[in-house]
Each structure stands twice: as structure tokens, then as C-alpha cells.
Amino acid sequence: MTDSDKKMENMAWLQEKFQAETERIELPPSLTSQALLHLLEDVEPEEESPPPQGPAKVVHPRWGNWKPWAAAAAIALVAATAFHQFGGSLVANGNLITSASSSAASASADSGKPDESAPGNTALFSGAAGISYASDYSQVRTLLAPKESERVEYYQEETGEPASGATMDGVSPEEGMLKAPVPTNPLTAGEPTPQMEEESAAISEGDAATGSASEKSTAPPAPMAGNALVTGDAGFTAANQQVAGVEESDIVKTDGDSLFIHTNTASSTPEVVIVDASSMEKLSTITLEPSYGASELYLWDETLVVMQTEAPSALPFQKGISEAVASDNKSYQKAAQGETPSHSGMAESNTSYRDAFVISATLFDVSDREQPKEIRRFEQDGSYVSSRVSDGTLYLVSQKYVWGDSSDEDTPMDELVPVTGDSLNQASQLLEAQSIVYCPDVEIDPVYTVVSALNLSDCQQPANTKAVLGSADEIYMSKDNLYLAGSSDGSSTNLVRVAVEDSDIHFAATGKVPGQVLGQFSMDESGGYFRVASTSFSDSGTVNNLYVLDQSLKQVGSVEGLAPGESIKSVRYLGDTAYVVTFREVDPLFAIDLSTPSKPKVLGQLKTPGFSEYLHPVDSSTLIGFGTNTTVAENGAVMENGMKLSLFDVSDPLHPKESQVFYLGNQGSSSEGKENHKAFFYDGQRGQIGFPATIATQVDKDKADPLSSQNEITFSGYLLLDFSKEDGFSIAAYFPNGGEGNGVSALGDRIRRGVRIGESFYTISGQQLIRYSLKDYEQSGSVAL
Amino acid sequence: MKIETELVRSARLGDKESFAQVYDQVAMDLYKVALYTLGNAHDAEDVVSETFIEAYKGIKNLRDDSSFKPWIMRILSIRCKRRIGGYVKEKGNIDIEECINAPAEEGDLAGSASERVTVLQALDSLSEQERLIISLAVMQGYTTREVSEMLNIPHGTVSSKLHRSLIKLRKILE
């Protein structure tokens, strides 16, 4: 039985179970429409509710005053032709092509038709890199044409025959791949992608991350072995980010003087509150539209970037798009001739819907902290995947699903092609066909991964957007490259290297490795080589692998078959060594030498109970592991039992040692810091770490089972710990939720981040900022957010 | 069940009665998803009634009358996510008593009653997000892609979570 057969069977089996079960459920009388109608007495359906006003607030402006028609489609998102001319050499020398991001209006601005005369662009990229650019929209339609196999009622899966071995296109990578990896298969797209570890998936409830403290974006971080380690002496803690100089978004940012806090509480209107760190006064508040997912900040010089996910109805540039669409689409032509194309006109077409989320980046000039000023807004179709800021350029990655039927010529192009909007032009823009990348000879699923680059210091510079047909769930970014990783069917991971330099982005190469990638920390780039750790599933269970690829994403070396039956829980690269934690019952930490790219080699391994979900480098020979402690129950089941901090001594890579260990609580304890590195505070200078934590303890040893979920929560809030190689870990301070007691009564407003500025430590929850002195850990001020 | 697009259309144009009728056609499904996700009847009732109001306010923006159900499911999902965010415990447990409407003494077959408990206990081993995905994909029959859009979670994540949850549930239930 193949994997997907098993999935289908599981599905059917459970559906039956659930059906029997759910038939018993009755609708409470309070939920009939008759019972609820009274709730609507004061409610009138509205297009949109006016944003809440407040005296001291900077209200996010709406777009009503803009003239969306004025400059419809006037912005050229990409200098496509320049790129094509150089494309051929791109792969060969591995260098970036820095085509001038010309502002030449795209062909579609004038005629609405893409420039079909772009020479030979299909052929240019079909070499080793396996990439081609679409030539026009009709080609895009063809590429998107649904396959019969996709018309499955639920949980569609490729159910192809086992690999013949002859095909190199990797449309449906099969089990055979595990034995005979084909490193340079073109990108396939968006089939379901079982990842190896559900807990891990970096994108969770908040959808995008969340983060920890932040750093003065211009301050050079102290790099260490390629990792963004630490802090500086800037007087405040740096953000915990993976790569030095590549910023990650978070809900709190600081420049050492002010705190920028995104209050993303569930119930109220989200806001960004700017607080003076020394006077603890609210300087201003920016009121935001509700976000449907990712909602985070960047601070770059005096520019604050607010990232939001919005419903499509919020897309203010909606109207701008119609004209651009019109020329390509008959229904729109009619609309354009007969009546004013409009929102409702779209709804009338009614064949399908462009019903995706839109992610937005809004830039505020915060040089006057008391009067933040919106200076630009950029929008991009799709669900948020991730983003980075490097050298003052924001890189946004989203996934857009295509619901429209591309074979129906009445389906408007804006349902088939990603749309972006930019306040610079006050208009929306269909992505040009020539900016859409696909992989020839590969079956394509209707999913785009959309990448935009936006210069944060020059608001007049047009953004640059490109998209690849295929899905990416995880990204890794170095200074030169953005890597997209997405899984097609669970047996392999497709990789795309996007070369970046400022606002230029170029899809440079695609490749593929067997197995699933856990998250951003599974990936790394060093010395021109890309390294990626994966877990692959086969009939005999799981095995773990590490691959080294060159710039064209061709595999040059690998270690395969590690820890059969286990799966990767965390990875960290320190220079030329990879540390990989896998888990089944005990936690082996592998040290893998990558100094010879073609011959990665396992140096040593260490087995301890529990597993580290996050590894943080302290220095070149020491790692902190933060994860879950486990106990093997009498019946042999492995049970979680609280949390665990470890200090790994890897000075002798042949014999890694767990030199210190510290346990926190019993079953029921949890911390966001395990799953989200942005919630993990690391201060190497002071020898401290911190994270939000809820500690459940086995209170009555006679009564309660230590593994019971009935353990009592004895603390909830933020923990600050001292650590040293010699003395291990000890708790320096408990900062409870709400600032009082054990924090349990304020569980509804949990602390999410901690930031150090000078001699003060700040804890941040959705509703409160509290400052503590680091001398005595006493409260020295608070602000209601 | 097919929702009448004509009814949705008049609801979209502001007819309260039509909206009530359309809502009634999906209320049960909304409630089930909420109940299984949140694990207790009280919260489930809250989010369904919130969804009712929000849907009424927003129905003007509905673009495609035939997509009413996925649309309102998404509103519900967002409401559930917000509710989960406010939970006291990291992982809200399923209140088994509340999920079984019929009291035990009402003459259920002992076997089926205990089976129901088992299904719920199995669900209890999942996180709320996993339960939400299971509810939408398994009980409501949405594709992983649709679920991914509703929850605004990348498709791969939905897929992998669903896959893992299915295996987990099956292991417990067998």
C-alpha cells in the first residue's frame, strides 16, 4: 500500500467514526437564527466599519481619497527583459544578475498585453537550473489548467505509480527517490506536504512568527560562525535571528530608546504602541485594521514596517486592477466598454472567485515618535509565508492559491495571476507574465510563491515582484540568496534559490532533496554551499539526511540514513559543523562535519532523554538546547514530562557531551520559546536566557500522576535564567503575567516577549508592558498597552 | 447540502430573513466544528454567535454566492483561533461530558457510548489547531487547499498536520 493510499484509508476510516459520533450532537437552541436575530437589531451590514478614532491616535488612513484609476498598472514591477538577456550566465557563474530595475512601464500598462516579443525567454532557463519564464498570460492560463487528477473530493494526493526511475522531472517524487536522489529536479508544486514534525512548523497560530527583542537595524550584529549570535554592546539585546544581518520580523522592536510593540490581542483592534523606554510613556499609537494572520514589525532606521494579513475585501487597489485585466479578458472588455468595471461587476461574473488573503507592508516614518506618518503601503496577494529585511530591503514571501478555472476564458486574469498594489502608484498591478517562473515539463499545481523586494529607504523606488509556480512553506535567507523550500508529496522537498541584491530578485536555480525540511534552521548557506537537513519517510520508517548543494542546487555531498525510526527535532549550523537532534525515545545529538562539501561526515553523537526543539549557539564549542523532557511510562509509551534546558559541550565533536541540564515542571508545561526562536531571549554578555513559560507541576505526589494533564499550573509568565558553562542554569527571576503573584490569574494576557535595554528588562504581553530592574528584579514601571 | 445561491444573493443584498435562512442551513456544521475545535459547548456557542453577527455585517462583501459556506467557515475559523489565543491553558482539553449531548442513562448502548468517549479522548490528544484542521477536512470534507485558505496557513503545513493527526488518531483508536 502506498503512502497516499494509507492516508486515504485513514481518512475514510476516521470519517466513519466521526460521522457516528457527530450525529449525536444537537444544535443548542440558542444558536438558531431565530434566537440570534435579536443580536442584529443594532447591526447593519456595512461595506466596512470606520476605523476607531481616538484623540492621541494616528489612524491608519483609508484609501478612499486616492485615485485608483489614475495610474492603473503604470508600474513596472520587474525589469524582465534585462534579466532574460543575462539569464544564461546566471547559473554558470553563480553570480547575481543585477539588472537595472528600470521603471519602464510594462507593456501591460499601455496595451494591457504583456510584451510577447520578449525573445526566447522560455528557452533561456531550461538548462541546469530548470527554470523558465512565462511568455504571456495565455501561457500562464495553459500552465494553470487543472488536471483531472485534481478533481478529488477531499484530501487530494498524487497516487501515481512508483517511480520508473527514468523520469527526471520529479513530478511526483516517489519512494525510489530515497535511494536514488535526483538532486536537480525542477520545482514541482504544492501538493500536500507532510512535514516531519507538526509541532515545529514555524508557521503556527500566529501564522507568522513573532519575535523577541529587536536590534538597532543599522548596528552591525556580532557575527559568529555565520549565526546571528548575540547582542551587542549597544546597550540592548539584539533580536534572536538566524543569520547575522538578516532581520526577521517580530511583535516587538526596539532601538534602545523606544519600544515598538504590536498589540495583537485577540479581542481588540490591533495597534502598534510606541513607548519611551526610559520615561515609560506612551508616545503614540497607530491603529491598524484587524489582521487575519501574520502581523509583525520591522524597524529600519527611522522606518517602521507593519506587516499584516488582510481579507481581500480590504484591498484598496481592487479597482485599479480591472483595466489591466480588461485587455486579457473578454468579460472585462465588455465591462470596460459598457459599464464601469467595479467590485460588483466582478462578483457578477460569478464563475470563480479571487478569494485569497492579501499581505500588506505599511511603512511609517517614525522619526517623530509622537507623530508616526504613513509613507508607503505595499500589498501582495496570498497567505503570508515569511519575510526578511536585509540591507534595508524588505523581502516578502507569500503563497497564492489559484481557485479560478484557467480553462474558462471568462475567468478574469486577476483570479489567475498574483496581484500587487503599491501606494507609490496608487494602483494595483497584475504580475506580468514575464515575471512568472515555471519549470518546463513539470506538472504544475495552481499555487504561486510570490516574492517581492521593497526598498525601505527609498519610497520612490518601485517594488520588484516575481512569482514561481509551486509552493514554498519555509524560507532561509543569507545575505545573497533567498531559498524557498516546499514539499510536493512528503517524500521530497523542492528548493528554489532566489538571488537577491537590493531590490533585484532573480530565480536562479531549482533543486530537490529527498525528505522533509523541518524549518528555517534546517537550512544554511556557507562558502557558496547550501546545506539542508531532512527527514524522509519510507516503508521501513524514517531516516534523516543532510545534503550539501552547490549554487545551481546540484547535490555535491550527503549523509543519509541517520537515526532510522527517528525524526529531526532541531538543527543548528556552526560554521562547518551541523548539529542535528533527532528523537524517538532518547535524544541523539549528531555532530556532522561539513568542511569537505562533497564528503559530509558524522563525527559523533550523544544520546540523552528528551529532545531539544531549539538549539542556540553560545560559542564555537557550546550549544544551549531547549526542549521537552520525556519519561518512558510502564507500558513503554514515551510521555512528555516538563521542559528541559541542556548545555551541550561540543569542543570534542567526536564526543559531544551534555554538560549541564535543568528541568522545568512536569507534563502540561510549555513555552513558546521552544517552537519559536523569536520568543527565546539570549544575552551572551550577561549570561542570561529568557522565554515565556507556563509551568505545570505535580503538586500532590500521592494523588497525581506526574504525567497527568491534570497537573496544576504553578507559574505562568516569563522566566529569566542565568547560565554559565561551569554552573549550568539557575532561575534569576520569575516575571508573572500581569506582574503579580504567580501569573495564573492573568493567563488570558500572557507575556510573549522579553527585551533588555541597559539595566532594565521589559516584559511584553498583549495589554501590558512592565519594566524590571536587572539589579534586584523589582518592578520599576508599567504601561497599559 | 447545497446552499441556494438565490437565498445567499438576497441575503447579500441586505435581506435579514434570507440571511437567517442561509445561516440555519450551516449552523449545525458551524457548531460541530467549533465544538470539536474548542472542546466545550460554552465557547462553541460563543464563537458561533459571533460568527453569525460578523457574517451578517460582512455578507455584502461576499463575491461569489456559491461560496457562502467556505466563507462563513473561515469567519468561524478566525473566531476559533482568537478564542484559542485567549485560552487559559496552553492546550484546552475537550470536555467530554459537554460533547456528548445525550446523557449516559438515556439508554445508549454501552458499546457505542464508550466508543464515543474514545473518539473524543483521541481528539483530546491533538492541539486546537489540529482539531480545527481535522474538523474541517474530515468532518466537513474540505480539501487541504481549502482548509489552508480558510485558516490562512500554508498548504504544506495543513497537509502535514492533517497527515500526522490522522496517524495519531488512528493509533489511539485502534
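Residues numbered from 1 in each chain as written. Chains lettered and ligands numbered in written order. Predicted model: local features only at pLDDT ≥ 70, side-chain atom pairs only at ≥ 80, totals over all residues. Heavy atoms only, no water.

The name given to chain B in an unreviewed UniProt entry is ECF RNA polymerase sigma factor SigH, with uncultured Anaerotruncus sp as the source organism. The record in UniProt for chain B states the following under Sequence similarities (unreviewed entry): "Belongs to the sigma-70 factor family. ECF subfamily." (UniProt positions renumbered as here; feature names shortened; annotations may be inferred.)

Student: Just to check I follow, could you spell out the overall build of chain B for this structure?
Tutor: Counting secondary structure elements, chain B contains 9 helices and 0 strands. For chain B, the N- to C-terminal ordering of α and β elements is α-α-α-α-α-α-α-α-α. By residue count, 62% of the 174 residues in chain B fall in the buried class. Restricting to contacts in chain B with at least 6 residues of sequence separation, those with at least 24 account for 68%. Approximately 6100 Å² of chain B is accessible, and the part contributed by carbon and sulfur atoms is 50%. (Helix = DSSP H or I, 4+ residues; strand = E, 2+ residues; numbered from the N terminus. Buried < 20%, exposed > 50% of the residue type's maximum accessible area, 1.4 Å probe, protein only. Contact = heavy atoms within 4.5 Å. Areas by Shrake-Rupley, 256 points an atom, 1.4 Å probe, with all protein chains shown as cover.)

Student: Would you mind going over the overall build of chain A with me for this structure?
Tutor: Helix and strand content of chain A: 11 helices and 44 strands. Within chain A, the fraction of its 785 residues that count as buried is 62%. The contacts in chain A between residues at least 6 apart in sequence include a share of 60% that link residues at least 24 apart. In the structure as shown, chain A presents an accessible area of about 27200 Å², 48% of it carried by carbon and sulfur atoms.

Student: Please clarify how unusual backbone geometry should be interpreted in this entry.
Tutor: Most peptide bonds take the trans form, and the phi angle of most residues other than glycine is negative. All names here are of chain A. For Asp 301, which is not glycine, the phi dihedral falls at a positive 50 degrees. Of note, Asp 301 is situated in the loop between strand 10 (295-300) and strand 11 (303-310). Unlike most non-glycine residues, Ala 563 shows phi in positive territory, near 45 degrees. Assignment of secondary structure puts Ala 563 in the loop between strand 28 (555-562) and strand 29 (567-574). Using a relative accessible area of 12% as the deciding quantity, one classes Ala 563 as buried.

Student: How do you make sense of the pattern of salt bridges when you look at a structure like this?
Tutor: Side-chain pairs of opposite charge can arise where the charged atoms are in close proximity. All names here are of chain A. Per the counting criterion, the structure on display carries 23 salt bridges over all chains. In this structure, the salt-bridge partner of Glu 566 is Lys 607, at a minimum N-O distance of 4.0 Å. Within this pair, whereas Glu 566 is found in the loop between strand 28 and strand 29, its partner Lys 607 is found in strand 32 (residues 601-609), the two being separated by 41 residues in sequence. Of the residues examined, Glu 566 reaches a relative accessible area of 5% and is grouped as buried. Through salt bridges with shared partners, a single ionic network connects Asp 250, Glu 672, Arg 752 and Arg 753. (Salt bridge = Lys/Arg side-chain N within 4 Å of Asp/Glu carboxyl O.)

Student: What's the story with the confidence of the model for chain A in this structure? I'm lost.
Tutor: When pLDDT drops low, the exact placement of atoms in the prediction is not to be read closely. Residues and elements named next belong to chain A. Confidence in the prediction of chain A, expressed as mean pLDDT, is 71, and 65% of residues score 70 or more. Mean pLDDT values for the elements of chain A range from 28 in helix 3 (residues 80-93) up to 95 in strand 43 (residues 768-773). Taken together, the stretch residues 47-128 has pLDDT below 50 and engages in 169 contacts with residues farther than four places along the chain or on a different chain. Overall, residues 147-233 carries pLDDT values under 50, and its contacts beyond four positions in sequence, including any with other chains, amount to 298 contacts. (pLDDT = per-residue confidence, 0-100.)

Student: Before we go on, may I ask you to explain the sheet that holds strand 41 (residues 751-757) of chain A in this structure?
Tutor: Strand pairs in the sheet, formed through backbone hydrogen bonds, run parallel or antiparallel to each other. Residue and element names in this part refer to chain A. The strand order 41-42-43-44 describes an open sheet built from 4 strands, whose pairing is antiparallel. Each edge of the open sheet carries a strand with a single partner, namely strand 41 and strand 44 (779-784). Recorded for the sheet is a direction-independent mean angle of 20 degrees between the axes of neighbouring strands. Relative to strand 43, strand 42 (residues 760-765) is paired through 5 bridges, and the arrangement is antiparallel. In the strand pairing of strand 43, Ser 760 is matched with Ser 773. (Pairing = 2+ DSSP bridges. Axes fitted to C-alpha atoms, helices over the stretch in contact; angles between N-to-C directions.)

Student: Where do I start with the packing of aromatic side chains in this structure?
Tutor: Any two aromatic rings considered together are summarised by their centre-to-centre distance and by the angle between their planes. All names here are of chain A. Inspection of the entire model under this criterion finds 22 aromatic pairs over all chains. Plain terms: the ring middles of Tyr 476 and Phe 530 are 6.5 Å apart, the flat faces sit at 50 degrees to each other, and that makes the pair tilted. A residue pair is termed long-range when its members are at least 10 positions apart, and Tyr 476 in strand 21 (residues 474-477) and Phe 530 in strand 26 (residues 529-538) qualify at 54 residues. Tyr 476 sits in the buried class, given a relative accessible area of 1%. With centroids separated by 6.0 Å and ring planes inclined at 40 degrees, the aromatic side chains of Phe 626 and Phe 680 adopt a geometry described as tilted. Within this pair, whereas Phe 626 is found in strand 34 (residues 622-632), its partner Phe 680 is found in the loop between helix 11 (672-675) and strand 37 (681-683), the two being separated by 54 residues in sequence. (Phe/Tyr/Trp six-rings, centres within 6.5 Å; stacked < 30°, edge-to-face > 60°.)

Student: For this particular structure, what's the right way to read the UniProt feature "domain: HTH luxR-type" (unreviewed entry) in chain B?
Tutor: Per the UniProt record, "domain: HTH luxR-type" (unreviewed entry) is found at residues 141-168 of chain B. Each end of residues 141-168 of chain B is marked by a C-alpha atom, and these two atoms are 19 Å apart; helix forms 79% of the span and strand 0%.

Student: Hey, could you run me through the sheet that holds strand 38 (residues 688-697) of chain A in this one?
Tutor: All names here are of chain A. With antiparallel pairing, 4 strands are arranged side by side in an open sheet as 37-38-39-40. Taken across any chain shown, the strands that pair with only one partner, and hence form the sheet edges, are strand 37 and strand 40 (728-736). Across the sheet, the mean angle from the axis of one strand to that of its neighbour is 40 degrees, orientation sign disregarded. Here strand 37 pairs with strand 38 via 3 bridges, running antiparallel. Bridge assignment links Phe 681 to a residue of strand 38, and that residue is Gly 690.

Student: Quick question: what am I supposed to make of the packing of helix 2 (residues 16-38) of chain B against helix 7 (residues 128-139) of chain B here?
Tutor: Any two packed helices are characterised by how steeply their axes cross, that is the angle between the axes, and by the distance between the axes. Residues and elements named next belong to chain B. Contact geometry of helix 2 with helix 7 gives a least axis separation of 8 Å together with a crossing angle of 150 degrees. The orientation of helix 2 with respect to helix 7, classified from their angle, is roughly antiparallel. Crossing handedness for the pair helix 2 and helix 7: right-handed. Residues Val 33, Tyr 36, Thr 37 and Leu 38 of helix 2 touch helix 7, and the partners they reach there are Glu 128, Arg 131, Leu 132, Ser 135, Leu 136 and Met 139. (Parallel < 35°, antiparallel > 145°, perpendicular 65-115°, else oblique. Left-handed = near helix turned anticlockwise from the far one by under 90°.)

Student: What is the right way to read the packing of helix 2 of chain B against helix 3 (residues 41-58) of chain B from this model?
Tutor: Residue and element names in this part refer to chain B. Relative to each other, helix 2 and helix 3 sit at 145 degrees, their axes nearing to 9 Å. Crossing of helix 2 against helix 3: the hand is right-handed. Residues Lys 16, Phe 19, Tyr 23, Leu 30, Tyr 31, Ala 34, Leu 35 and Leu 38 of helix 2 touch helix 3, and the partners they reach there are Ala 41, Asp 43, Ala 44, Glu 45, Val 47, Val 48, Phe 52, Ala 55 and Tyr 56. By residue class, the composition of the contact of helix 2 with helix 3 is 14 nonpolar, no polar and 3 charged. (Nonpolar A, V, L, I, M, F, W, Y, C, P; charged D, E, K, R; others polar.)

Student: Hey, could you run me through helix 1 (residues 5-12) of chain B in this one?
Tutor: Every α-helical turn comprises 3.6 residues, leaving residues that sit three or four positions apart pointing alike. Residues and elements named next belong to chain B. Looking only at helix 1, the buried set comprises Leu 7, Val 8, Ala 11 and Arg 12. Along helix 1, the residues classed as buried sweep out an arc of 140 degrees about the axis, all on the same side. Gly 14 sits one or two positions beyond helix 1 and adopts a positive phi of about 110 degrees. (Arc of directions from axis to C-beta.)

Student: Whenever I open this one, the pairing of strand 17 (residues 427-430) of chain A confuses me. Can you help?
Tutor: Where a strand is regular, its side chains alternate between the two sheet faces. Residue and element names in this part refer to chain A. Burial of the side chains of strand 17 extends over both faces: Ala 427 and Gln 429 are buried on one face and Ser 428 and Leu 430 on the other. As defined by bridge partners, strand 16 (residues 419-422) adjoins strand 17 across 4 bridges and the pair is classed as antiparallel. Its bridge partner lying in strand 17, Val 419 is registered against Leu 430. In sequence, strand 16 turns back onto strand 17 through a hairpin of 4 residues, with Gln 426 there showing a positive phi of about 55 degrees.

Student: How should I be thinking about the pairing of strand 12 (residues 358-365) of chain A in this particular structure?
Tutor: All names here are of chain A. When you tally the buried positions in strand 12, you get 7 out of 8 residues, the bulk of the element. Relative to strand 12, strand 11 runs antiparallel, the two sharing 8 bridges. Paired with Glu 310 across the bridge in strand 12 is Val 358. As paired elements, strand 12 and strand 13 (residues 373-381) share 8 bridges and run antiparallel to each other. Each residue of the ladder has a partner; that of Ser 360, found in strand 13, is Glu 379.

Student: What is the right way to look at the nonpolar core in this model?
Tutor: In a soluble, globular protein the nonpolar side chains are often hidden away together inside. Counting 64 residues, the largest nonpolar core has Phe 18 of chain A together with Val 48, Phe 68, Leu 76, Ile 134 and Leu 136 of chain B as its most contacted members. Ranked by residue count, the leading element in this core is helix 2 of chain B, at 13 residues. Formed by 34 residues, the second largest nonpolar core is a distinct cluster that contains Tyr 133, Val 437, Tyr 476 and Val 498 of chain A. (Core = buried A, V, L, I, M, F, W, Y, C linked by side-chain atoms within 4.5 Å.)

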